[in-house]
Structures are given as structure tokens and as C-alpha cells.
Amino acid sequence: MPPVTVAARARVSLPGPRVAARTAVDREAPLSHTPRPVILDCDPGHDDAMAILLAAGNPTIDLRAITTVAGNQTLAKTTRNAQRVCTVAGIDDVPIAAGCDRPLRGALLTAGDVHGESGLDGPAFGEPTVAVDDRHAVEVMHEVVQHADRPVTIVGVGPLTNVATYLDRYPADRGRLERIEIMGGSTGRGNTAPYAEFNVLVDPEAADVVLRSGVPTTWHGLQVTHQATATADVLRRIEGLGTPLAAICVELLTFFRDTYRALFGLDDPPVHDPVAIAHLIDPVVVGTARLPMRIELVGEHTRGATVVDTSGRTGWEPNAEVGLTLAHDRFWDLLIDAIDRLGAAG
Ligand code: RIB
Ligand code: CA
């Protein structure tokens, strides 16, 4: 099988560890394998923004669409933030489509205390120049999957309302999906409720639809994403790239750091969402295990909990891959390299 070349966005193959910064970008570099078609569903959100950059900047990912959902902020704000990120990163060939503006059941819960009033506070963004597709996110998911020449991977890093709605509306598409990688849940305590992580808490019904869909799922919960810390050394490495995009990333991560210090007493913020992308790029970056998992839908104090049996004492059948460990340095090598590529191409 001859190597496939990818002309778009000047992608180069990685020889191994991160290439020397700012090397000349070969626009027709051969890739060792065909890039994986991916739809990224997100609620930007500072860490969602990093996930967009990793998905768009890494040569092994073929980002076919960015779909937005209400979560960290309202749908209008998360959609505008996706436009902002794509504008500053020069991502102008990936459709952005807005989806559901509320969870399947109950009222929308947002996280302005974490991400700010805009949902992407920190940098002073100009007017976005990247447009929003006029189709609904679920229709874009369906069309991308229908026209793909290979099974598509959906990455969900916000509440799973769009993904669940898509799976219910187009059940025949399930056989055309490679898998669904999710940032969501926790094998331990939550971050928004004592036993519930934000994405699953906002829409537990949607998370349950996805878990029971029959499509293979991997759940990168807080137990692994809290290892993805943006340390001072990471911020220095990003700043050292010296591009306008890198400077914006430093501003985003600095805002995120200040929030996590104030709200959670953490020195360095966990950059949750790109973990789900990194696992697709290099599976050894995230250690996983196949475990039994349930979504709590009715608990008076535990609704939205992801109940993961890590001891095997329930006798439940394992039904999900669960992210457990992260290779921190390799994770940041991938993300910094993607920021470098996009910044250099801009
Ligand atoms: O709990 C963290 C998750 O909730 C992340 O995806 C963050 O962006 C928010 O959506
Ligand atoms: Ca998110």
C-alpha cells in the first residue's frame, strides 16, 4: 500500500519524538498510514480549544467536522468560540456546525465560573472569519459518516447530547462508526457534583444512550485527565514557539490555570479534552482497561455518576474502555507539536 500524502494544512509525518521546532514544513510529506477520519463534538471551553488544535494540527487525524453543543456555555457562545479558535489557528477547511442547545432532559447547566462569561475568556479575540455551517450538527455527522470511505471516529468532549441525538436519529450509521472517544465521567469523585463530572452531569441520559449504543466507546474521565496538567514548563515550551497562535494558547491556559487555582486549589490546570484525541493519535499515551460501567440516572445525590467497577465484584460484563494512566510528556509533545505546525502554517 503506497503511503498516502496529505496536502491539506501542510502536514508532515512525525519521525518519532517531537520534530525540531519550526522546521520547514513539507507540503507533500508522505504519511506512514491513512489519516483517521474524525468528527470532534465539543463545547469550547479552554480545553476544548486545545482539542481542536490537536485534532487539526496532527497529521494522523483527518478532521472532517467540528460540531458544537451547549455545555461550558450556551450553544451560541460555544459555537462562536469554535469559530474563534479556527480563525486564529487558520483552520478554514473544516465545517463548524451547531447542535443541541440543551440536554435531553432538564435544564442546561453551564460552567461560566470555570471558562468565563464568553466560555473562552483570556485572550482578546477579534471577529471570527470562519463561518458556521447552516446545517444542524446531527445532519453534518450523518453526512460525514455517509460519505466517508472508511469508518469514522466521533470524539465527544462536551455533554453528549449531539452524539446521542445523532445515534438515535440515524441508528443505521452505528455500523459505520469506528468508535466514540469521550472525555467524560470519573472512576472516582466528580468535579461539578460530588460524584459527577461536568459533561456527564449536564446530560446523563445522553451519556447512557452513547454507552448502550453498541458502538465501541472509550471514556477518558477525571482519573486520567487530571494527569494532563499544564505545568509552568509546558507553558514555557508553548511560549517558546514564538507564534501568535502560541501566545493565544498561553493566554488561554493561563486563564484556565487561574480558574483552577481559585476554584479547585490546583497549581496546574488539567487540560481534559485533548486526552481523547491523543489516545487516537498514539494509543500508548493513555493506558486503558476494559471495565464494566453504568451511568447513574436516578440517584437523588448521585445523578450523573459514572459507576465503574474496577474490582470486578459486581459481576457486570465489561462494556467500555476506560482511560486510567497518561504519559504526560508524550501527551504535551503531541499537543505542542500541533500548535507549532498550525502556528507555522498560519
Ligand atoms: O469536566 C471537564 C469537562 O467539562 C471538559 O470537557 C470541559 O471542557 C467541560 O466540558
Ligand atoms: Ca469540553
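Report on the accompanying structure. Worth saying up front: this structure is predicted, and the values here are computed from it rather than measured.

Here's the deal with the sheet that holds strand β12 (residues 320-326)
Stage number 1. Here eight strands make up an open sheet; going across it, the order is β5-β4-β3-β6-β7-β8-β12-β9 and the pairing mixed. Of all strands in the sheet, those with a lone pairing partner are β5 (96-98) and β9 (286-291), marking the two edges. Mean inter-strand twist for the sheet, computed between neighbouring axes without regard to direction, equals 25°.
Stage number 2. As paired elements, strand β7 (residues 177-183) and strand β8 (residues 217-220) share four bridges and run parallel to each other. Note that in β8 the partner of Glu181 across the bridge is Thr218.
Stage number 3. Those strands touched by helix α7 (residues 204-211) are β7, β8 and β12, and its axis lies near 140° from that of β8.

Some thoughts on the coordination of the calcium ion (ligand 2)
Reference values for angles at a metal are 109.5 degrees in the four-donor tetrahedral case and 90 or 180 degrees in the six-donor octahedral case.
Stage number 1. For the calcium ion (ligand 2), every protein donor is listed as Asp43 (OD), Asp48 (OD), Asp48 (OD), Val157 (O) and Asp273 (OD), and the spread of their distances is 2.3 to 2.7 Å.
Stage number 2. Every donor residue of the calcium ion (ligand 2) comes from the same chain, spaced as D-x4-D-x108-V-x115-D. One end of the pair, Asp48, is in helix α1 (residues 46-57); the other, Val157, is in the loop between β6 (152-156) and α5 (161-169), and 109 residues separate them in sequence.

Overview of the site of ligand 1
Stage number 1. In the vicinity of ligand 1, the contacting residues are Asp43, Asp47, Asp48, Asn72, Val157, Met183, Asn191, Glu197, Phe198, Asn199, His272 and Asp273.
Stage number 2. Take Asp43: an N or O atom from its side chain is 3.0 Å from an oxygen atom of ligand 1.
Stage number 3. Between ligand 1 and Glu197 there is a distance of 2.6 Å, counted from an oxygen atom to a side-chain nitrogen or oxygen.
Stage number 4. Notes on ligand 1: free accessible area 280 Å², of which the protein chains cover 97%.

Some thoughts on the pairing of β6
Stage number 1. Of all five residues making up β6, five are buried, and the element is well covered by its neighbours.
Stage number 2. Both faces of β6 are covered, namely the face carrying Val152, Ile154 and Gly156 and the face carrying Thr153 and Val155.
Stage number 3. In this structure, strand β3 (residues 36-42) lies alongside β6, joined through four bridges in parallel fashion. Counted as the bridge partner of Ile39 is Ile154 from β6.
Stage number 4. Here five bridges tie β6 to β7, and the two strands are oriented parallel to one another. Within β7, the residue paired with Val155 across the bridge is Glu181.
Stage number 5. You can see the chain leave β6, run along α5 and come back into β7, and the turn it takes is right-handed.

What to know about helix α10 (residues 244-264)
Stage number 1. For α10, built from 21 residues, the straight-helix expectation of 30 Å at 1.5 Å per residue is met to within 8% by its first-to-last C-alpha distance of 30 Å.
Stage number 2. Considered for burial, the residues of α10 that qualify are Leu245, Ala246, Ile248, Cys249, Val250, Leu252, Leu253, Phe256, Thr259 and Tyr260.
Stage number 3. Considering only its buried residues, α10 is in contact with α1, α2 (75-89), α3 (112-115), α9 (232-239) and α12 (328-345).

A look at the packing of aromatic side chains
Stage number 1. Inspection of every chain in the model, using the stated rule, returns four aromatic pairs.
Stage number 2. Taking 6.1 Å as the distance between ring centres and 45° as the angle between the ring planes, the aromatic pair formed by Tyr166 and Tyr170 counts as tilted.
Stage number 3. Ring centres of Phe256 and Tyr260 lie 5.0 Å apart, and the angle between their planes is 70°; on these two criteria the pair is classed as edge-to-face. Pair noted here: Phe256 and Tyr260 are both in helix α10, with a separation of four residues, about one helical turn. Grouping residues by exposure puts Phe256 and Tyr260 together as buried.
Stage number 4. Linked through ring pairs, Phe256, Tyr260 and Phe264 together constitute an aromatic cluster.
Stage number 5. For the cation-ring pair, Arg189 lies above Tyr195, with the distance from its terminal atom to the ring centre recorded as 4.6 Å.
Stage number 6. One cation-aromatic arrangement involves Arg294 over Trp316; the distance from NZ or CZ to the ring centre is 4.2 Å.

A short note on the pattern of salt bridges
Stage number 1. The tally for this structure, following the rule as stated, stands at 17 salt bridges.
Stage number 2. The salt bridge partner of Arg174 is Asp168, with a shortest N-O separation of 3.4 Å.
Stage number 3. Taking the relative accessible area as the measure of exposure, Arg174 reaches 23% and is therefore partly exposed.
Stage number 4. Between Asp258 and Arg257 there is a salt bridge, and its shortest N-O distance comes to 3.1 Å.
Stage number 5. Judged by relative accessible area, which is 37%, Asp258 ranks as partly exposed.
Stage number 6. Taken together, the shared-partner salt bridges in this structure form one network comprising Arg105, Glu205 and Arg303.

Brief notes about the layout of surface pockets
Stage number 1. The calculated volume of the largest pocket comes to roughly 280 Å³.
Stage number 2. Lining the largest pocket are 23 residues; nearest its centre among them are Ala111, Val114, Asn191, Thr192 and Phe198.
Stage number 3. Secondary structure elements with two or more residues in the lining of the largest pocket: α1, α3, α6 (198-202) and α10.
Stage number 4. No other element matches the four residues that α10 contributes to the lining of the largest pocket.
Stage number 5. For the lining of the largest pocket, the residue count by class is 10 nonpolar, seven polar and six charged.

Criteria and thresholds
Residues numbered from 1 in each chain as written. Chains lettered and ligands numbered in written order. Predicted model: local features only at pLDDT ≥ 70, side-chain atom pairs only at ≥ 80, totals over all residues. Heavy atoms only, no water. Pairing = 2+ DSSP bridges. Helix = DSSP H or I, 4+ residues; strand = E, 2+ residues; numbered from the N terminus. Axes fitted to C-alpha atoms, helices over the stretch in contact; angles between N-to-C directions. Contact = heavy atoms within 4.5 Å. Donors = N, O, S within 2.8 Å, 3.2 Å for Na, K, Ca; no water. Near = heavy atom within 4 Å. Polar contact = N/O pair within 3.5 Å; in protein donor to acceptor, adjacent residues only side chain to side chain. Areas by Shrake-Rupley, 256 points an atom, 1.4 Å probe, with all protein chains shown as cover. Buried < 20%, exposed > 50% of the residue type's maximum accessible area, 1.4 Å probe, protein only. Right-handed = clockwise from strand over helix to strand, strands pointing away. Expected span 1.5 Å × (residues − 1). Phe/Tyr/Trp six-rings, centres within 6.5 Å; stacked < 30°, edge-to-face > 60°. Lys NZ or Arg CZ within 6 Å of the ring centre and 35° of its normal. Salt bridge = Lys/Arg side-chain N within 4 Å of Asp/Glu carboxyl O. 1 Å grid on protein atoms, 1.4 Å probe; cavity = no way out; pocket = protein on both sides within 12 Å on 5 of 7 lines; lining within 4 Å. Points joined across faces, edges and corners; volume = space filled by probe spheres on them. Nonpolar A, V, L, I, M, F, W, Y, C, P; charged D, E, K, R; others polar.

Keep in mind that these numbers describe shape and distance, not what the molecule does.
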